[in-house]
Amino acid sequence: MRDHGYKSEGGFGKSVAAMSCPFVREQPIAEGARLIRRVFRIQRILRDRQDPLAQCDSVLIERYRFSREGIIYLINLLDPYVKSSTRCSRALTTAQTVCIALRFFTSGTFLYTVGDAENIGKSAVCRSIRKVYLALKHFLGVFVVFPSHLRPQVVKQGFFSIAGFPNVIGTIDCTHIAIKAPPGPNEGDFVSRKGVHSINVQVSNTNILDGKSEETPADKDGVSMSQLTPVHTLNQSDSTKELSKDTRDKIVDLHKAGMGYRTIGKQLGEKATTVGAIIRKWKKF
């Protein structure tokens, strides 16, 4: 027989013969395909990550809102919880992980923005924030305490030395956080005296000795925003002067009758600015 150049054993002929057979268990790869893959192989890009603690103190405070000593303290505190368990040479260090989370907590910006600033990818930023957040939860009961970390008698003496008022172990302050109008029949309960929808958030201050201030949210046990005190629960107090739905309806009715802001305010005992806010909101919706 005439030889057409194919070989039954070994060499290039075997590869071609094997590739032409669709019933081969292992898919053979021709040498030409290997060469093509080798030429077009995408090289791994290793980004240059700098040590965040290499920056000067002013830059650290500007970027992370912590001093060098504060960042080092957090690194040592959270290292057992956020330390990378992989053996990869390019894994994020504890310092980088903590600083990435601090940058996000400070700015509250997008993950892409934090990743571009720290020269890492979005997924790495997300993992770092989650690691630090879960690690901080372990120390919630250590740092969020009342009344502060001092004995109550020491706190009382400190407040007494300021204003001469006895038996004070802390101060509180409330603020209204604006929200979108909630749906449902209780929408009017969330309208504050300024005519905007809001929820009341309380903050306590338990230590103002030696110029220090420790402010902790009143919902230190992890209460969600939906469980915070709405405005309608404060209407029972004479000190809050939150407008009821009947009062707002009277303001709108008097405005329809042609009365001015000041006249309505004098008649109902409310400020003209409050009356104006109610009417503007009524016109808008």
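What you see is a predicted model; the values in this text were computed from it and never measured.

Caption draft 1: Summary view of the environment of Val98. Mapped onto the fold, Val98 is located in helix H5 (residues 94-107). On a C-alpha basis, the gap between Val98 and Ile129 in space is 8.0 Å, while along the polypeptide they are 31 residues apart. The contact partners of Val98, leaving out residues within four places of it in the chain, are Leu74, Ile75, Leu78 and Val132.

Caption draft 2: Structural view of the pattern of salt bridges. Scanning the entire structure with this criterion turns up two salt bridges. Across the pair Arg68 and Asp57 runs a salt bridge, and its minimum N-O distance is 2.9 Å. One end of the pair, Arg68, is in helix H4 (residues 68-82); the other, Asp57, is in helix H3 (residues 57-64), with 11 residues separating them in the sequence. Using a relative accessible area of 21% as the deciding quantity, one classes Arg68 as partly exposed. Residue Arg103 is joined to Glu118 by a salt bridge in which the shortest nitrogen-to-oxygen separation is 3.0 Å. Separated by 15 residues along the polypeptide, Arg103 in helix H5 and Glu118 in helix H6 (residues 111-118) bring together distant segments of the chain. Each member of the pair, Arg103 together with Glu118, is buried.

Caption draft 3: Representation of the environment of Lys180 within the structure. By secondary structure assignment, the location of Lys180 is in the loop between strand S1 (171-178) and strand S2 (198-205). Note: C-alpha distance between Lys180 and Ser198 (18 residues apart in sequence) is 7.8 Å.

Caption draft 4: Quick look at the side chain of Ser198. Along the chain, Ser198 turns up in strand S2. On the basis of relative accessible area, Ser198 is assigned to the buried category, the value being 2%. Polar side-chain contacts of Ser198 include one of 2.9 Å to the side chain of His176.

Caption draft 5: Looking closely at helix H12 (residues 272-284). Under the 1.5 Å per step criterion, the end-to-end length of H12 is 18 Å for 13 residues, consistent within 8% with the ideal 18 Å. Among the residues of H12, those classed as buried are Thr274, Val275, Gly276, Ala277, Ile278 and Ile279. The secondary structure elements touched by the buried residues of H12 are helix H10 (245-256) and helix H11 (261-268).

Caption draft 6: Representation of the nonpolar core. Residues Tyr64, Ile71, Leu78, Val98 and Leu102 are the most contacted members of the largest nonpolar core, which totals 15 residues. Within the residue set of this core, elements represented by two or more residues are H3, H4, H5 and helix H7 (122-137). In contact with Leu102, not counting residues within four places along its chain, are Tyr64, Phe66, Ile71 and Leu74. In this structure, Val191, Leu243, Ile251 and Ile278 belong to the second largest nonpolar core, which totals eight residues.

Caption draft 7: Here's a closer look at the layout of surface pockets. The calculated volume of the second largest pocket comes to roughly 370 Å³. As for the second largest pocket, its lining consists of 16 residues, and the residues nearest its centre are Glu187, Val191, Arg248, Lys281 and Trp282. Taken together, the elements giving at least two residues each to the lining of the second largest pocket come down to H10 and H12. Considering each element in turn, the lining of the second largest pocket owes the most residues, four residues, to H10. Across the lining of the second largest pocket, the residue classes break down as seven nonpolar, three polar and six charged.

Caption draft 8: Molecular detail of a nonpolar patch on the surface. A contiguous nonpolar surface patch, about 350 Å² in accessible area, is contributed by Phe105, Tyr133, Leu134 and Leu136. Here the nonpolar patch takes three residues from H7, the largest share from any one element. In this fold, Phe105 is placed in helix H5. A relative accessible area of 41% means that Phe105 is categorised as partly exposed.

Caption draft 9: Highlighting the packing of H5 against H7. The N-to-C vectors of H5 and H7 enclose an angle of 90 degrees; their axes lie 8 Å apart at closest approach. By the angle between their axes, H5 is roughly perpendicular relative to H7. Across the interface between the two elements, Thr97, Val98, Ile100, Ala101, Phe104 and Phe105 from H5 touch Val125, Ser128, Ile129, Val132 and Leu136 from H7.

The rules we used
- Residues numbered from 1 in each chain as written.
- Predicted model: local features only at pLDDT ≥ 70, side-chain atom pairs only at ≥ 80, totals over all residues.
- Heavy atoms only, no water.
- Helix = DSSP H or I, 4+ residues; strand = E, 2+ residues; numbered from the N terminus.
- Contact = heavy atoms within 4.5 Å.
- Salt bridge = Lys/Arg side-chain N within 4 Å of Asp/Glu carboxyl O.
- Buried < 20%, exposed > 50% of the residue type's maximum accessible area, 1.4 Å probe, protein only.
- Polar contact = N/O pair within 3.5 Å; in protein donor to acceptor, adjacent residues only side chain to side chain.
- Expected span 1.5 Å × (residues − 1).
- Core = buried A, V, L, I, M, F, W, Y, C linked by side-chain atoms within 4.5 Å.
- 1 Å grid on protein atoms, 1.4 Å probe; cavity = no way out; pocket = protein on both sides within 12 Å on 5 of 7 lines; lining within 4 Å.
- Points joined across faces, edges and corners; volume = space filled by probe spheres on them.
- Nonpolar A, V, L, I, M, F, W, Y, C, P; charged D, E, K, R; others polar.
- Patch = residues over 30% accessible without salt bridge, like charges linked within 9 Å, V, L, I, M, F, W, Y side chains within 5 Å.
- Areas by Shrake-Rupley, 256 points an atom, 1.4 Å probe, with all protein chains shown as cover.
- Axes fitted to C-alpha atoms, helices over the stretch in contact; angles between N-to-C directions.
- Parallel < 35°, antiparallel > 145°, perpendicular 65-115°, else oblique.

Keep in mind these values describe shape, not function.
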